[in-house]
Amino acid sequence: MTRTQLALAGAALFLTAHAAGAADLAAGRALFEKTCVSCHGADAKTSVDPSYPILAGQHEDYLVHALKAYRRGQSGAPATANVRKNAVMGAFAAQLSDQDIANVAAWLARQPSDLGTRR
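All values derive from a computational prediction rather than experimental measurement.

Calculation rules
Residues numbered from 1 in each chain as written. Predicted model: local features only at pLDDT ≥ 70, side-chain atom pairs only at ≥ 80, totals over all residues. Heavy atoms only, no water. Core = buried A, V, L, I, M, F, W, Y, C linked by side-chain atoms within 4.5 Å. Buried < 20%, exposed > 50% of the residue type's maximum accessible area, 1.4 Å probe, protein only. Helix = DSSP H or I, 4+ residues; strand = E, 2+ residues; numbered from the N terminus. Contact = heavy atoms within 4.5 Å.

### Some words on the nonpolar core
Judged by nonpolar contacts, the single largest core of 14 residues is most densely connected at Phe32, Ala44, Leu55, Val104 and Leu108. Mapped onto this core, the elements with two or more residues apiece are α2 (25–35), α4 (60–74) and α6 (98–109). In terms of residues, this core owes the most to one element, α6, which gives five residues. Setting aside anything within four residues of it in sequence, one finds valine 104 in contact with Gly28, Leu31, Phe32 and Leu67.

Shown next as C-alpha cells:
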C-alpha cells in the first residue's frame, strides 16, 4: 500500500467509527422531553429553581462527563472516583445507557443559548 492509500484507509476507518458512535439527536430530544423538562424547563434554559443549571448550549463533552459522574455516584463508586452525589440526578442518570447520555448531550449542546458565543 502506498502512503496515500494507507491514509485514505485510515480516514475511512475513522469516519466509519465516528458514524457508528454518532448521537441520535431525535432520541436525545425525546429523552430530554421525557425526563429533564420538569426541572430544567422545556427550553433547557428556564429551570424551576435558579440553582439548577442551564443545559442548553453546554459543551457536549461536559454534559457526558457530568451525567456519567452522577451515574457513578449513584452506583456507590468510591470517593476516589470522579463522582457526583445528588439523589435526583443520580437516580435519573442510573437509568441511562452510554448511548442515551451521548444522545441527550449532543442534542442539548446544539440548543440555542446565551452561555457562549458561537463563531
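### As for the environment of alanine 23
Structurally, the position occupied by alanine 23 is in the loop between α1 (3–20) and α2. Assessed through its relative accessible area of 29%, alanine 23 is described here as partly exposed. Between the alpha carbons of alanine 23 and alanine 105 there is a distance of 8.6 Å; along the sequence they are 82 residues apart. Alanine 23 has contacts with Gln99, Ala102, Asn103 and Ala106, leaving out every residue within four places of it along the chain.

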